[in-house]
Amino acid sequence: MISSKMAAELRKRGAVISSSFNAENENNKELTKVSSTISTRKMKSCLVFAITIFYLSLFWFVLSSHRQLPSVKKMFESALNEFSEERARKHLDTITSFGPRPTGSYACEVQAVEYILAELQNIKRLTNNDLAMDIDIQRPSGSFSLNFLDSLTSYYHNVTNIAARIGPKKNFPPQHTILVNAHFDSVPGSPGASDDAVSCATMLEVLRCLVQSDEGQITHGIIFLFNGAEENILQASHGFITQHKWAHTVKAFVNLEAAGAGEKYNILGRTWSCWA
């Protein structure tokens, strides 16, 4: 039998061993925690490094690509059928100089319309002998359902569309056309340079280049539509495609529109920003 003295000694030794084991276990936990912290920090550092390298590479790519762009074409340094950025910029500056152009405003319905019509008439006088061009101004009225807004109905009255059509003179008017579209109205409080006057300026310059192109290059009809009620949820576009006499000839279309361009508005004395 084990004496009480021996038993006490064994219990004491067991307590010492248990204490040592617990201490070692705590040390292991602490080492694991430190190791995990170091590993997390390394991962974060690698992630930050990778993101930094990515954005530096992207910046370098954009800068290199920009330097490879051709120089801006001046109005009097380019060929007749060559796109001139200076001429397009002149259109943009003029349209935006009218200020905000919400549908129904004087800037939209009078100033912008008169300017675009005058430029189209100037372009028409430049049309070469094998091409024909006609201009039409439409003021449609109508309505359509806005299913995504609890089925509300959008009503419009006498909104403005300006359309120019070109095609080979030998089979004009064309039976099949491509529609190129942009809008000259803007939201209240914004001059609408990117949304969407820049596209209208581009269309005017592209149209000028086309009517002065070499003989035989234009084989099908093209309609350039400048609409003045896009910001009212596509009212003028609806008026054109449902009512205009040229709409049935459209077989494909290209819509020139802004995306991700910031706009600023002054409402009740505060400046608000949003994305187009």
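One can find the structure itself at the top, above this paragraph.
Given the structure is predicted, the values throughout are model-derived calculations rather than measurements.

A.B. asks: Just checking my understanding: could you explain helix α3 (residues 106-125) for this structure?
C.D. replies: Think of an α-helix as turning once every 3.6 residues; residues three or four places apart then point the same way. The end-to-end C-alpha distance of α3 is 28 Å, a good match for the 28 Å that 20 residues give at a rise of 1.5 Å each. Along its length, α3 shows its largest kink, about 30°, at Val113. Taken together, the buried positions of α3 are Ala107, Cys108, Glu109, Ala112, Val113, Tyr115, Ile116, Glu119, Leu120 and Ile123. Those residues of α3 that are buried lie in contact with α2 (85-97), β1 (131-138), β4 (161-168), α4 (193-211) and β6 (221-227).

A.B. asks: So what exactly am I meant to see when it comes to the environment of Arg139 here?
C.D. replies: Note on placement: Arg139 falls in the loop between β1 and β2 (142-146). In this structure, the C-alpha to C-alpha distance between Arg139 and Gln243, residues 104 residues apart in sequence, is 9.9 Å. Contact partners of Arg139, with chain neighbours within four places excluded, come to Glu109, Val113, Asn158, Val159 and Thr160. For Arg139, the side chain forms a polar contact with the side chain of Thr160, separated by 2.6 Å.

A.B. asks: Please explain the packing of α2 against α4 as it appears in this structure.
C.D. replies: The relative placement of two packed helices is expressed as an angle between their axes plus a distance between the axes. Interaxial distance between α2 and α4 falls to 8 Å at its minimum, and their mutual angle equals 140°. One finds that α2 runs oblique with respect to α4. Like other packed secondary-structure pairs, α2 and α4 cross with a definite hand, here right-handed. Here Arg87, Ala88, His91, Leu92, Ile95 and Thr96 of α2 come into contact with α4, specifically with Ala193, Ala197, Val198, Cys200, Ala201, Leu204, Glu205 and Arg208. The class makeup of the residues in the contact of α2 with α4 is nine nonpolar, two polar and three charged.

So, how was this worked out
- Residues numbered from 1 in each chain as written.
- Predicted model: local features only at pLDDT ≥ 70, side-chain atom pairs only at ≥ 80, totals over all residues.
- Heavy atoms only, no water.
- Helix = DSSP H or I, 4+ residues; strand = E, 2+ residues; numbered from the N terminus.
- Expected span 1.5 Å × (residues − 1).
- Bend = angle between axes of the 7 residues up to and from the residue.
- Buried < 20%, exposed > 50% of the residue type's maximum accessible area, 1.4 Å probe, protein only.
- Contact = heavy atoms within 4.5 Å.
- Polar contact = N/O pair within 3.5 Å; in protein donor to acceptor, adjacent residues only side chain to side chain.
- Axes fitted to C-alpha atoms, helices over the stretch in contact; angles between N-to-C directions.
- Parallel < 35°, antiparallel > 145°, perpendicular 65-115°, else oblique.
- Left-handed = near helix turned anticlockwise from the far one by under 90°.
- Nonpolar A, V, L, I, M, F, W, Y, C, P; charged D, E, K, R; others polar.

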